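Observations on chain architecture
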Amino acid sequence: MARLVVLGGGVSGHTAATFAAKWLGSAHEVVVVTPNSKWNWIPSNIWVGVGQMSKEDVTFDLAPVYAKAGIIYHQAKALGIHPEGNETSDKPYVVVESTIDGEDGKIENIEYDYLINATGPKLNFAATPGLGDANGLGEFTVSVCTADHAVHANEELEKTIVKMKNGERQKFLIGTGHGLCTCQGAAFEYIFNIEHELNKAGVRDMADIKWISNESFLGDFGVGGLHMKSMGFAVSSKIFAESLFTERNVDWIIGAHVNKVEKGKVHYELLSGEMGEEEFDFSMLIPPFAGVGLKAIAKDGTDITATLFAPNGFLKVDANYAAGAYENWKASDWPKTYQNPTYGNIFACGIAFAPPHPISKPMSSPNGTPINPTPPRTGMPSGIIGKAVAHSICDRITKGENAPLHEASMADMGAACVASAGKGLFDGTAAAMTIYPVVPDFDKYPGTGRDTDYTFGEIGLAGHWIKHILHHLFIWKAKLKFGWTLIPE
Amino acid sequence: MSKKVESNIKAYGNNFTTMTPGPLAIAMRTCKIWQLIRFVVINIKMIIVVNKSH
């Protein structure tokens, strides 16, 4: 009997674990280690953050789902990987610490034959003074990164609406809280959902809404932007985004590294090197992501964290980390199998794998401050990668150590993305987009880097309907309800 | 409607060079019949991309 241990129960880890359990059956063990007791459909946190959904609408208990799937579930956070075992055993294992109330701090070793690191990111609020600290979100801004954060964000939003109804003008500042953030899409959704809700509350004319982000142009979204066919033109996402911002009367600051947050004010540095300040009454700034800080220890007790992990804390996989300057970047730099090059029984998926480099062109201010989006590895790609990794491991377990690995390169993969711009059955809108491939391949598709036959976007009510349907569809799938395997990642 | 959106443009500001939607474009975004058609079209396009990606 072989044992697969999956660290993390988010979109990628949950997908990998549930498919592995289905494919392996009871002949082998699948173990999930995740510090959370609930699964969260993160894309819908946006709607929790504006009071249109509750925390219960976007989360569910993991334990009964894993019990049904025959998955062994540890509510714990992983601390370290011992890929060579220890002095008394050659069996590799992970060290985990319980997060169950009443068992806090209880340490346990879990042996594995195969390991998937799908821990997702550490929300690195501490990277920007005032945005937060090592314990998480600070007191001056809000966040929609977790369901609890989103509940808090809505409570603060409600207070501003009351103030505006009492005649007090409010300034909203939404975007990214550091020069190296990703997930601009979540902030994009939140700013337009706030705008939509303020309209519904009849206080839009009392609000000044501004976007601040590390993108060098609006519509970069961490993927270097995209070109979409529209009215016979290949139109840049810059045009698409600027048009929406203008229509909704939302101003913007781009190419910005937020370097300090105070009560009611952010300080930032622009790509031009210029320093600035922006005041706010309500602010949601996405934090930068880092690895969760797993340690790796060799058999003799030596710290080999730098062997397994990149400096940002994400797990090294079969990517080309020596590509160097932007001019040298190739689509083939991106990993295909997500296997660790040193330990062949360790894989990573979702945000936890170390990308070879950004997708957007790297930029820095004259002061040397890097200001560019880091690459997204969320949503549809993270699910597809999780499934491919699970498939590879299941094949190795059932067919032998030399079974070929399955591939899922982001340079050969597209993504469908629906970004809400306001919730409502008949007055909601969302930007529905597809992008193919996610990582541009300028050799295969000279100019735009992508196939414009499969890259498109439009905003409208239909997009909102799709996002709402996807909310229910993916929660249905994650709960492993009837027909769940038929729903694509 | 058109004038309202155009009034959001600030002369020589960030959005002075952007493309702004007119009243028809904005109305069509929430026109239920048109959006039902777009719902079908977008779903087909997404399914094609999803199939190409697996």
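Residues numbered from 1 in each chain as written. Chains lettered and ligands numbered in written order. Predicted model: local features only at pLDDT ≥ 70, side-chain atom pairs only at ≥ 80, totals over all residues. Heavy atoms only, no water.

Going by the annotation in an unreviewed UniProt entry, the name recorded for chain A is FAD-dependent oxidoreductase, with Candidatus Sulfurimonas baltica given as the source organism.

**Some remarks on the pairing of strand 19 (residues 275–279) of chain A**
Residue and element names in this part refer to chain A. As a reminder, the rule being used: A 1.4 Å probe rolled over the protein chains alone gives each residue an accessible area, and that area as a share of the maximum for its type sets the label: buried under 20%, exposed over 50%, partly exposed in between. For helices the rule is a DSSP run of H or I covering at least 4 residues; for strands it is a run of E covering at least 2, with both sets numbered from the N terminus onward. Following DSSP output, two strands are said to pair if at least two bridges run between them.
A one-sided burial pattern is seen for strand 19, the buried positions being Gly276 and Glu278 and the unburied ones Met275, Glu277 and Glu279. Bridge count between strand 18 (residues 265–270) and strand 19: five bridges; the pairing is antiparallel. Opposite Val266, over in strand 19, you have Glu278 as the bridge partner. Here strand 18 folds back onto strand 19 in antiparallel fashion, the turn holding four residues, of which Gly273 has a positive phi close to 95°.

**A few points about the packing of aromatic side chains**
All names here are of chain A. Our working rule: By convention, a stacked pair of Phe, Tyr or Trp rings (six-membered ring in the case of Trp) has centres within 6.5 Å and planes under 30 degrees apart, an edge-to-face pair has planes over 60 apart, and any other such pair is tilted.
On inspection of all chains with the given rule, the structure shows 19 aromatic pairs over all chains. Arranged with centres 5.0 Å apart and planes meeting at 55°, the rings of Phe19 and Trp484 form a pair that is tilted. With Phe19 in helix 1 (residues 11–24) and Trp484 in the segment after helix 10 (461–478), the pair connects residues that are 465 residues apart, well separated along the chain. Of the two residues, Phe19 and Trp484, neither departs from the other in class, the shared state being buried. Consider the rings of Tyr326 and Trp329, whose centres lie 5.0 Å apart with planes at 70°: the pair is edge-to-face.

**Observations concerning helix 5 (residues 147–165) of chain A**
Residues and elements named next belong to chain A. Put simply, the rule reads: Helix span, as expected, comes to 1.5 Å for every residue beyond the first. As used here, the arc is the angular range of directions from the helix axis to the C-beta atoms.
Over its 19 residues, helix 5 extends 27 Å from the first C-alpha to the last, a length consistent with the 27 Å expected when each residue adds 1.5 Å. Those residues of helix 5 not exposed but buried are Ala147, His149, Ala150, Ala153, Asn154, Leu157, Thr160, Ile161 and Met164. Projected onto a plane normal to the axis of helix 5, the buried residues spread over an arc of 135° and lie on a single side. Phi for Gly167, located one or two positions after helix 5, is positive at around 90°.

**Some remarks on the interface of chain B and chain A**
For clarity, the cut-off: Contact definition: two residues touch when any of their heavy atoms are within 4.5 Å. Joining two parts hides part of their accessible area as seen by a 1.4 Å probe, and the buried area is that hidden amount summed over both. The rule for a salt bridge is simple: a side-chain nitrogen of Lys or Arg has to be within 4 Å of a carboxyl oxygen of Asp or Glu. Nitrogen and oxygen atoms within 3.5 Å of one another constitute a polar contact, given that in protein one can donate a hydrogen and the other can accept it, and given that sequence-neighbouring residues count only through two side-chain atoms. When residues are sorted by character, Ala, Val, Leu, Ile, Met, Phe, Trp, Tyr, Cys and Pro go into the nonpolar class, Asp, Glu, Lys and Arg into the charged class, and all the rest, Gly among them, into the polar class.
Taken together, the contacts link 28 residues of chain B with 39 residues of chain A. Between chain B and chain A the total buried area reaches about 2,900 Å² when both faces are included, carbon and sulfur atoms providing 68% of it. Connecting chain B to chain A are two salt bridges. A salt bridge links A:Glu458 to B:Arg38; the shortest N-O distance between them is 2.5 Å. Joining chain B to chain A, the criterion identifies 14 residue pairs in polar contact (both at pLDDT 80 or more). Contributions of two or more residues to the side of chain B that touches chain A are made by helix 2 (23–29) and helix 3 (32–53) of chain B. Among the elements that take part in the side of chain B that touches chain A, helix 3 of chain B stands out by supplying 14 residues, more than any other. Looking at the side of chain B that touches chain A residue by residue, the classes come out as twelve nonpolar, ten polar and six charged.

**Quick word on the UniProt feature "domain: FAD/NAD(P)-binding" (unreviewed entry) in chain A**
Here is the rule: UniProt positions are given in the numbering used here, feature names are shortened, and annotations may be inferred rather than shown by experiment.
In the numbering used here, UniProt assigns the "domain: FAD/NAD(P)-binding" (unreviewed entry) feature to residues 3–156 of chain A. Secondary structure across residues 3–156 of chain A comprises 26% helix and 32% strand; the distance between its end C-alpha atoms is 45 Å.

**Describing the sheet that holds strand 13 (residues 207–212) of chain A**
Whenever strands of a sheet pair, they do so through backbone hydrogen bonds, lying parallel or antiparallel. Residue and element names in this part refer to chain A. The following threshold applies: Throughout, an axis means a line fitted to C-alpha atoms (over the contacting stretch in the case of helices), and angles, computed between N-to-C directions, take values from 0 to 180 degrees.
With parallel pairing, the four strands of this open sheet are ordered in space as 16-13-12-20. The strands lining the two open edges of the sheet, one partner per strand, are strand 16 (251–253) and strand 20 (282–286). This sheet shows a mean twist of 15° between the axes of neighbouring strands, independent of strand direction.

**Thoughts on a nonpolar patch on the surface**
Note the threshold: The patches reported here contain residues having more than 30% relative accessible area and no salt bridge. Joining distances are 9 Å for like charges and 5 Å for nonpolar side chains (Val, Leu, Ile, Met, Phe, Trp, Tyr). Shrake-Rupley sampling with a 1.4 Å probe provides the accessible areas, and residues are treated as covered by the protein chains on show and by no other component.
Nonpolar side chains collect at one region of the surface, where A:Met231, A:Phe233 and B:Met19 lie side by side and expose about 390 Å² of accessible area between them. Tracing the sequence through the fold places A:Met231 in the loop between strand 14 (227–230) and strand 15 (233–236).

**So, the pattern of salt bridges**
Residues and elements named next belong to chain A. Applying the stated criterion across every chain, the model contains 25 salt bridges over all chains. The salt bridge partner of Lys260 is Glu262, with a shortest N-O separation of 3.3 Å. Judged by its relative accessible area of 29%, Glu262 falls in the partly exposed class. The residue Lys399 makes a salt bridge to Asp395 at a minimum N-O spacing of 3.6 Å. On the criterion of helical spacing, the pair formed by Lys399 and Asp395 is a turn pair, its members being four residues apart in helix 9 (residues 379–399). Looking at Asp395, the relative accessible area reads 11%, which means it is buried.

**Details of the sheet that holds strand 25 (residues 430–435) of chain A**
One open sheet accounts for three strands, arranged 24-25-26 (chain A); its pairing is antiparallel. Looking at the sheet topology across the chains shown, the edges are occupied by strand 24 (415–420) and strand 26 (456–460) of chain A. Adjacent strand axes in the sheet meet at a mean angle of 10° when their direction is disregarded. In the sheet, strand 24 of chain A pairs with strand 25 of chain A via six bridges, with the strands oriented antiparallel. Looking at the pairing, A:Val418 lines up with A:Ala432 of strand 25 of chain A. Where helix 10 of chain A meets the sheet, its contacts fall on strand 24, strand 25 and strand 26 of chain A, and the angle it forms with strand 24 of chain A comes to roughly 105°. Against the sheet, helix 3 of chain B touches strand 24, strand 25 and strand 26 of chain A, its axis set at about 30° to strand 25 of chain A.

**Considering unusual backbone geometry**
Residue and element names in this part refer to chain A. In the segment running from Tyr436 into Pro437, the intervening peptide bond is cis, with an omega of -5°. Mapping Pro437 onto the fold places it in the loop between strand 25 and strand 26. Positive phi values are uncommon outside glycine, yet Cys183 reaches one of about 65°. Following the sequence through the fold, Cys183 ends up in the loop between strand 12 (170–176) and helix 6 (184–200).

**Regarding the side chain of A:Thr246**
Looking at the secondary structure, you find A:Thr246 in helix 7 (residues 237–247). Here B:Thr18 takes part through its side chain, which lies 3.2 Å from a polar atom of the side chain of A:Thr246. Residues contacting A:Thr246, with those up to four places away along its chain left out, are A:Trp252, B:Asn8, B:Ile9, B:Asn15, B:Thr18 and B:Thr20.

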